[in-house]
Structures are given as C-alpha cells and as structure tokens.
Amino acid sequence: MRVSWRFWFFILVLIGAAAILIPQIALQSNQPVVINQTAVPPLPRLDPEKVDEGKVLYAQYCAECHGADLKGSPTWKQSLADGSFPPPPHDSSGHTWHHPDELLLDIVKNGGDPVYNSKMPAFGDKLSDEEIISILEFIKSKWGTEEREFQWWITARPDWE
Ligand code: HEC
C-alpha cells in the first residue's frame, strides 16, 4: 500500500507545530514571577523527596492540631477566652502562604508569639532545620499555583528598606 503525500504532509505539519510549541511551553513554566511590578526568579520546583519526608513528619508532629488534611480548626478565625487562636489550616484556605520561608521556619522552630498567648509549640529541640524545611515543602505541595507563586514572591522579593 502506498502512503499518500497527505500523510507525509500531515507529519511535517506536526513536527513544525511541535518545534514551535514545545520551547514555548518550557519557557512559560520558567517565567519570572511578577507581583506589584516586582519580578523575582521563576517558581522553584518542589523536591519530591523532601515532600515525601515532610509528609511523614507532618503526620507525626503537626496533624494532631493542624489536621491530617491540613484543614486546621473550623473556628481558627475566632479567638478563644485566653486571647489565643485555634490552629489555622495549612492548605490554600489558611494564611500560612502569606508568610515568607524565613518567618515560617522561625514560627515552627521557636513557636508562636507569646504576646498573643500563642499555643503553637516550638519544635527547635525536636526537628532539625532540614526536617522543618521538608514539612514546609510538603505543605507547599498542597497549595494552588497562585498561593505558591505569592509565597515564593514574598520570600524572594528584594528588601525594600
Ligand atoms: C499543640 C497544637 C499544635 C501543634 C502540634 C502544631 N501547631 Fe502549629 N499552630 C498551633 C496553633 C494554636 C497556631 C495558631 C497560633 C497563633 O495564631 O498564634 C499554630 C500556628 C502555626 C503556624 C503559623 C500559621 C500562620 O498562618 O500564621 C505555622 C506555620 C505552624 N503552626 C506550623 C506547624 C507545624 C509545621 C507543625 C508541626 C511541626 C505544627 N504547627 C504543630 C498549634 C499547633
């Protein structure tokens, strides 16, 4: 059976389209993140090994308060009688992604702010920085692209002062 020229023409068009589209897709996932006219480097990929390690550590150390599903307490926005707040969610519905890496590491290492009577314990004597970073990597894996980009931006943006 002879293959018609239409077939080869079709293949040629496919190759041409791929040659144009593939570099563009690669470029797109490698764009700087721009918020408030301030650009920071492209969103780094999550390290799957750290995400896996963080998942195990999260279940062991964080889930009892922040929930196995990262949903926190349903009443996390209402202060308790002692002025403290219940554990917030760590998924996109919470505000963990509003904070830069440095602050998140500080909260987990040293605990919540005593000024607010915070009930977030300090984990500095139980977990190494590397382990805490893995837990944060796992938490990040549960965010949408928008939350991840915002949190990356606020982490990587240049200081203003
Ligand atoms: C005994 C309960 C408890 C455990 C266990 C716990 N937390 Fe918390 N965490 C809290 C509470 C309560 C708050 C809210 C404190 C506040 O608002 O001052 C909080 C707040 C936080 C915040 C700040 C969130 C924000 O949006 O500002 C982070 C980050 C955090 N926890 C991470 C962790 C991680 C990671 C672990 C596990 C290593 C963990 N927590 C384990 C109770 C807990």
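Note that the structure is a prediction, hence the values are computed from the model and not measured.

Criteria and cut-off values
Residues numbered from 1 in each chain as written. Predicted model: local features only at pLDDT ≥ 70, side-chain atom pairs only at ≥ 80, totals over all residues. Helix = DSSP H or I, 4+ residues; strand = E, 2+ residues; numbered from the N terminus. Rg over C-alpha atoms; globule rule 2.2 N^0.38 Å. Buried ≥ 20, exposed ≤ 12 C-beta atoms within 10 Å, placed from the backbone. Contact = placed C-beta atoms within 7 Å. Near = placed C-beta within 6 Å. Nonpolar A, V, L, I, M, F, W, Y, C, P; charged D, E, K, R; others polar. Core = buried A, V, L, I, M, F, W, Y, C linked by C-beta atoms within 7 Å. Axes fitted to C-alpha atoms, helices over the stretch in contact; angles between N-to-C directions. Left-handed = near helix turned anticlockwise from the far one by under 90°. Expected span 1.5 Å × (residues − 1).

### Quick look at the overall build of the chain
For step 1, the next point in the chain: Within the chain, the secondary structure is distributed over six helices and two strands.
For step 2, the next point in the chain: In sequence order, the secondary structure elements of the chain are arranged as α-β-β-α-α-α-α-α.
For step 3, the next point in the chain: On C-alpha atoms alone, the chain measures out to a radius of gyration of 22 Å, which is more than a quarter above the 15 Å that the 2.2 N^0.38 rule sets for 161 residues.
For step 4, the next point in the chain: Once the C-alpha set of the chain is aligned to its principal axes, its extents read approximately 80 × 45 × 30 Å.
For step 5, the next point in the chain: Relative to its full complement of 161 residues, the chain shows a buried share of 14%.
For step 6, the next point in the chain: At a minimum sequence separation of 6, the contacts of the chain that also span at least 24 residues come to 55%.

### Examining unusual backbone geometry
For step 1, the next point in the chain: The backbone of Q37 shows a phi angle near 60°, a positive value even though the residue is not glycine.
For step 2, the next point in the chain: Relative to the helices and strands, Q37 resides in the loop between β1 (33–35) and β2 (38–40).
For step 3, the next point in the chain: Assessed through the 5 C-beta atoms surrounding it within 10 Å, Q37 is described here as exposed.
For step 4, the next point in the chain: Although it is not a glycine, L70 adopts a positive phi angle of roughly 65°.
For step 5, the next point in the chain: By secondary structure assignment, the location of L70 is in the loop between α3 (63–66) and α4 (101–110).

### Structural notes on the site of the ligand
For step 1, the next point in the chain: Taken together, the neighbourhood of the ligand is formed by 24 residues, with C62, C65, G112, S118 and M120 sitting nearest.
For step 2, the next point in the chain: Within the residue set of the shell around the ligand, elements represented by two or more residues are α3 and α4.
For step 3, the next point in the chain: Here the residues of the shell around the ligand sort into 15 nonpolar, seven polar and two charged.

### A look at the nonpolar core
For step 1, the next point in the chain: Y58, C62, L70, L104, V108, I132, I135, L136, F138 and I139 together form the largest nonpolar core, which totals 10 residues.
For step 2, the next point in the chain: Of all the secondary-structure elements, those providing two or more residues to this core are α4 and α5 (129–140).
For step 3, the next point in the chain: Considering each element in turn, this core owes the most residues, five residues, to α5.
For step 4, the next point in the chain: Apart from residues lying up to four places away in sequence, V108 is in contact with F123 and I132.

### Thoughts on the packing of α4 against α5
For step 1, the next point in the chain: Put simply, α4 and α5 touch, their axes get as near as 10 Å, and they point 115° apart. Crossing geometry of α4 relative to α5 is assigned as right-handed. Along its contact with α4, which presents D101, L104, L105, V108 and K109, the element α5 presents D129, I132 and L136.
For step 2, the next point in the chain: Its residues assigned to classes, the contact of α4 with α5 comprises five nonpolar, no polar and three charged.

### Description of helix α6 (residues 145–156)
For step 1, the next point in the chain: Taking 1.5 Å as the rise per residue, α6 with 12 residues should run 16 Å; its terminal C-alpha atoms sit 16 Å apart, in good agreement.
For step 2, the next point in the chain: Those residues of α6 that sit buried are Q151, W152 and W153.
For step 3, the next point in the chain: Buried residues belonging to α6 abut β1 and β2.

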